[in-house]
Structures are given as C-alpha cells and as structure tokens.
Amino acid sequence: MTLFRERRGNSMLELTGKTAIITGASRGIGKAIAMKLASLGADIAFLHFMDSENAAKTEQELSALGVRAKGYECNVADFEATATAINQVIEDFGEVHILVNNAGIVRDNLILKMTEADFDAVLSVNLKGAFNMIKNLYPHFMKKRRGRIINIASIVGINGNAGQANYASAKAGMIGLTKSVAKELGARNVTVNAIAPGFIHTDMTDGMPEKAREAALAAIPLKRAGEVEDIANLAAFLASDEAAYITGEVIKVDGGMAI
Ligand code: NAI
C-alpha cells in the first residue's frame, strides 16, 4: 500500500467505469444520489414506481452528465419484479458494482389509528424491498467478488418516533439487515453500510403537517433541514474505493438531530 506519497492538487472521488443500481431515484434523495454518482463518472440504472414523468426527466438529466443512464419501472416490494429488473440491468449494463436501496414510503399514524394495511405497505416497500434487491443481486456480486451496498435507513430507525411505528420498524429492520449482510458478504469483498438521514428537505417531508415540520426543525442543532446533496455526498464516499474498509456501519447525516 502506498501511504499518501503523492500530493494531489485536486483530490476527488472517482467512479468512472462503475455501474450503480439505485431504487426510487425518480426524485428526492435517490435522484440526488444518482446525479452525484453520475457526476463522478458512474453509469446509472435506476428503479422507480408509478412516477414515469419524473423518471423520464431524471434519465435525461443523468444522460446530460455524459454517462449511460436508464430508468426501469419496478415495484421493489415485488420479489419477482426485482429479479426481472436486475437481470435486465445486468443484460443492459454488464457488471453492476453498487446497489443503493433508497425506495421508501410513509403511512404515518398513531398506533391507535394505524391500519394493518399501513403497517404491511411500509414494511413491504422499505424493508422487504431492500431484501429483494440484495437477494437478487448478491449472486452477481459473489461471482465478481466485489460490490457495494448502501441502504438508506433513517434516524427514526435508531430512536423511534411517535406516529411512525411502521416506518421506524422498517428502518430499524434495515439496520439489522445491513449488519447481518455485512457479516455474510465480507469474505466476498462486498461492503454493506447504512445511511441514517435526519430531516431532509424533499417532497416526502414537504407533505408533513406544518406543526410536525416546526417541531423537527427545532430539534436540529444545526438549525436547518438537510439537503438531498448532504445524503448524496456520503453515498458517493461509501461507493468509492476510499471507503473499501468500512462495512456494517450506520452513519447519521442529521445535523445533530439524534445526538
Ligand atoms: P420521495 O418520496 O421523494 O422519493 C421516494 C422514491 O421512491 C420515489 O422515486 C418513488 O418512485 C420511489 N418508490 C416509492 N415506492 C416504490 C416502490 N414500491 N418501488 C420502487 N420505488 C418506489 O422520498 P425521499 O424523501 O427522497 O426519501 C428517500 C429515502 O430516504 C426513503 O427511503 C426515505 O425513507 C429515506 N429518508 C428520507 C428522509 C427525509 O427527511 N426526506 C429522512 C430519512 C430517511
């Protein structure tokens, strides 16, 4: 190993020659991650669901960065659909190096009012969706003896949150999934990490009641909502060669909200 012997004036992450699959990248955090990885040279295959107009725009914006980019309509909660989409991506792009499990939904309610359907829907997309993607892609990673998996969890999966029993359960499950798969796939040179965002400015949080938004902002030491780029920057680092020795970690990007 060479130990920082060369001075590089412009130290920058590099993902040229890598392909990433990102779920839920038609908008929000997933789109920002796709744009960031593409800006570093990665080709991007992304999944979206019932959001074709935004997906077409995202595909255009990614292509404008000079990389290969293609969107695939796929419900991550559907095991067979994820298998089909992943096989299609491998056929279209060749090797896949990076998986980002970002697709997520909320169905918030106090447990008193939360329906069984609300609970199942959130677990199916947020948690089982990540399992489906990992399960169907890992034979490819094993064969290639390398891979990066980045799961987008939430600080709510660490601390819990009133009104989000379903979402917090799914995100806590994702953290358990991250650590377990990191232990299983380490010997195959596959790293698995989770990012736990706090309160990030997106369509998802724009849909929150004003009072809940104010309460969330008041609890942030840095006194602002995070931007999607704050999450994308960490995802890019975790996907890069620089992060080769980090696995099984859950890294909060929350302006100090969950200290
Ligand atoms: P968003 O609602 O703006 O975007 C969600 C994306 O997931 C969209 O592209 C949508 O098409 C896709 N999606 C939804 N259901 C899907 C399904 N069944 N199959 C495939 N794709 C599906 O959400 P946002 O805010 O960008 O969140 C992205 C991730 O970050 C989610 O996992 C969310 O839980 C997590 N997160 C967000 C925070 C925030 O403050 N916005 C905080 C903590 C975590």
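That block above? That's the structure.
Sequence order as written defines residue numbering, which begins from 1 separately in each chain. Only residues with pLDDT of at least 70 are given local features in this predicted model, and only at 80 or more are side-chain atom pairs given and counted; all residues enter the totals for whole chains, interfaces and linings. No hydrogens and no water enter the side-chain calculation; it runs on all heavy atoms of the structure.

(A) Just the overall build of the protein chain, in detail. Runs of E in the DSSP output that reach at least two residues are strands. Runs of H or I that reach at least four are helices, and both are numbered from the N terminus. Each helix and strand in the protein chain was counted, giving nine helices and seven strands. Every radius of gyration here is taken over C-alpha atoms, with the globule rule written as 2.2 Å times N^0.38, N being the number of residues. Expected size for 259 residues packed as a compact globule is a radius of gyration near 18 Å; at 18 Å, the protein chain falls within 12% of this value. Expressed along its principal axes, the backbone C-alpha trace of the protein chain runs to roughly 55 × 45 × 40 Å. The cut-offs for exposure are 20% and 50% of the maximum accessible area for each residue type, with area from a 1.4 Å probe on protein chains only; residues under the lower value are buried, those over the upper are exposed, and the others partly exposed. By the burial criterion, 47% of the 259 residues in the protein chain qualify as buried. For the protein chain, the proportion of contacts with a sequence separation of at least 24, taken over those separated by at least 6, is 75%. Contacts were defined at the residue level, with two residues in contact if any of their heavy atoms lie within 4.5 Å.

(B) Just the pattern of salt bridges, in detail. Salt-bridge detection follows one rule: a side-chain nitrogen of Lys or Arg within 4 Å of a carboxyl oxygen of Asp or Glu. In the structure shown here, the tally under the stated rule is seven salt bridges. With a closest N to O distance of 3.2 Å, E61 and K31 form a salt bridge. Within this pair, whereas E61 is found in helix α2 (residues 52-63), its partner K31 is found in helix α1 (residues 28-39), the two being separated by 30 residues in sequence. We classify K31 as buried; its relative accessible area is 17%.

(C) A look at the site of the ligand. Working definition: residue near molecule or strand if any one of its non-hydrogen atoms lies within 4 Å of it. Taken together, 28 residues form the shell around the ligand, and within it S26, R27, N102, Y167 and T202 come nearest. As used in this structure description, the phrase polar contact means that two N or O atoms lie within 3.5 Å; if the pair is within protein, one of them must be able to donate a hydrogen and the other to accept it, and residues adjacent in sequence are counted only when both atoms belong to side chains. Interatomic distance of 3.0 Å between a backbone N/O atom of V76 and a nitrogen atom of the ligand. Residue Y167 places a side-chain N or O atom 2.5 Å away from an oxygen atom belonging to the ligand. Using a 1.4 Å probe, accessible areas were evaluated by the Shrake-Rupley method; residue-level cover was limited to the displayed protein chains. Here the ligand loses 95% of its free accessible area of 830 Å² to cover by the protein chains. Elements with a minimum of two residues in the shell around the ligand: α1, α6 (165-185) and α7 (203-206). Gly counts as polar in this scheme, as do all residues outside two lists: the nonpolar Ala, Val, Leu, Ile, Met, Phe, Trp, Tyr, Cys and Pro, and the charged Asp, Glu, Lys and Arg. Across the shell around the ligand, the residue classes tally to 15 nonpolar, 10 polar and three charged.

(D) How the structure looks around the side chain of H140. With respect to the helices and strands, H140 occurs in helix α4 (residues 116-144). With relative accessibility at 9%, the residue H140 sits in the buried group. Those residues within four positions of H140 in sequence are excluded, and the remaining contacts are I90, G94, E95 and V96.

(E) Examining a nonpolar patch on the surface more closely. Two distance rules govern patches: like charges are joined within 9 Å, and nonpolar side chains (Val, Leu, Ile, Met, Phe, Trp, Tyr) within 5 Å, applied only to residues with over 30% relative accessible area and no salt bridge. On the surface, L110, I111 and L112 cluster together to form a nonpolar patch covering roughly 400 Å² of accessible area. Tracing the sequence through the fold places I111 in the loop between β4 (98-101) and α4. Look at I111 and you get exposed, because its relative accessible area is 66%.

(F) Structural view of unusual backbone geometry. Backbone geometry places N189, a non-glycine residue, at a positive phi of 65 degrees. For N189, the position within the fold is in the loop between α6 and β6 (190-197). Here K223, not a glycine, exhibits a phi torsion of approximately 60 degrees, which is positive. Relative to the assigned elements, K223 resides in the loop between α8 (210-218) and α9 (228-239). Accessibility expressed as a relative area gives 58% for K223, which makes it exposed.

(G) Spatial organisation of the nonpolar core. Judged by nonpolar contacts, the single largest core of 35 residues is most densely connected at I22, I33, L37, I44, I195 and I231. When residues of this core are assigned to their parent elements, the largest contribution, eight residues, is made by α9. Residues contacting I195, with those up to four places away along its chain left out, are I150, N151, I152, A153, S154, I231, L234, A235, L238, I251 and V253. Listed in part, the 31 residues of the second largest apolar core include V96, V125, L185 and A194. We call a set of buried residues a nonpolar core when its members are Ala, Val, Leu, Ile, Met, Phe, Trp, Tyr or Cys and they connect through side-chain atoms within 4.5 Å of each other.

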